[in-house]
Amino acid sequence: MEDGKSRLQQAQEEVEEVKGIMLDNMNKADERSDKLNDLEQQAEELQEKAKMFEKTTRKLKKQEMPYKKMLIALGVVAGLIVLGIIIFFTVQ
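Let me begin by describing the structure that accompanies this report. (Residues numbered from 1 in each chain as written. Predicted model: local features only at pLDDT ≥ 70, side-chain atom pairs only at ≥ 80, totals over all residues. Heavy atoms only, no water.)

## Some thoughts on the overall build of the chain
Check the secondary structure of the chain and you find one helix and zero strands. The C-alpha atoms of the chain give a radius of gyration of 39 Å, which is well past the 12 Å a tight globule of 92 residues would have. Taken over 92 residues, the chain has a buried fraction of 0%. By element, 63% of the accessible surface of the chain is carried by carbon and sulfur atoms, the whole surface being about 9,100 Å². (Helix = DSSP H or I, 4+ residues; strand = E, 2+ residues; numbered from the N terminus. Rg over C-alpha atoms; globule rule 2.2 N^0.38 Å. Buried < 20%, exposed > 50% of the residue type's maximum accessible area, 1.4 Å probe, protein only. Areas by Shrake-Rupley, 256 points an atom, 1.4 Å probe, with all protein chains shown as cover.)

Below, the structure written as structure tokens:
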């Protein structure tokens, strides 16, 4: 009987060990799940910020276009004036 009791006791100890390992694994899985949820939320926030950045960039480009067109027009006018002066002085 002593041998049977020892086997039962050994089996109970093994069960307790497996139980401890399983509880530890469950806790680790819960921690990973929490971290993944946090990461998912951060990714969503980053995506929203990227959309806002893209909208702001488009708006700035639209505001910049008239300024660029004006600079080009000024450059063309200045070029024509310089060309006119060159032609005027070379003809005389």
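Read on for the rest.
## Quick notes on a nonpolar patch on the surface
Together, Ile-72, Val-76, Leu-80, Leu-83, Ile-87 and Val-91 make up an exposed nonpolar region whose accessible area comes to about 600 Å². If you trace the backbone, Leu-83 turns up in helix 1 (residues 2-91). (Patch = residues over 30% accessible without salt bridge, like charges linked within 9 Å, V, L, I, M, F, W, Y side chains within 5 Å. Salt bridge = Lys/Arg side-chain N within 4 Å of Asp/Glu carboxyl O.)

## A look at the packing of aromatic side chains
In this structure the tally under the stated criterion is one aromatic pair. On the basis of an interplanar angle of 75 degrees and a centroid distance of 5.4 Å, the ring pair of Phe-88 and Phe-89 is categorised as edge-to-face. Of the residues examined, Phe-88 reaches a relative accessible area of 47% and is grouped as partly exposed. A residue is classified by how much of its surface remains accessible, and Phe-89, at 58% relative accessible area, is exposed. (Phe/Tyr/Trp six-rings, centres within 6.5 Å; stacked < 30°, edge-to-face > 60°.)

## Concerning the pattern of salt bridges
Pairing of side chains with opposite charge becomes possible as their charged atoms draw close. Scanning the entire structure with this criterion turns up four salt bridges. Residue Lys-51 pairs with Glu-48 through a salt bridge whose shortest N-O separation is 4.0 Å. Linking Lys-51 with Glu-48, this pair stays in helix 1, spanning three residues, or about one helical turn. On the basis of relative accessible area, Lys-51 is assigned to the partly exposed category, the value being 44%. Take Glu-48: its relative accessible area is 46%, and that puts it in the partly exposed class. We note a salt bridge from Lys-68 to Glu-64, for which the minimum N-O separation is 3.3 Å. With Lys-68 and Glu-64 both in helix 1 and four residues apart, this pair spans about one turn of that helix. Residue Glu-64 is classed as partly exposed on the basis of its relative accessible area of 39%.

## What about a negative patch on the surface?
Together, Asp-30, Glu-31, Asp-34 and Asp-38 make up a negatively charged patch on the protein surface. Along the polypeptide, Asp-34 turns up in helix 1. Judged by relative accessible area, which is 47%, Asp-34 ranks as partly exposed. (Lys, Arg positive; Asp, Glu negative; His and termini not counted. Charge placed at Lys NZ, Arg CZ, Asp CG, Glu CD.)

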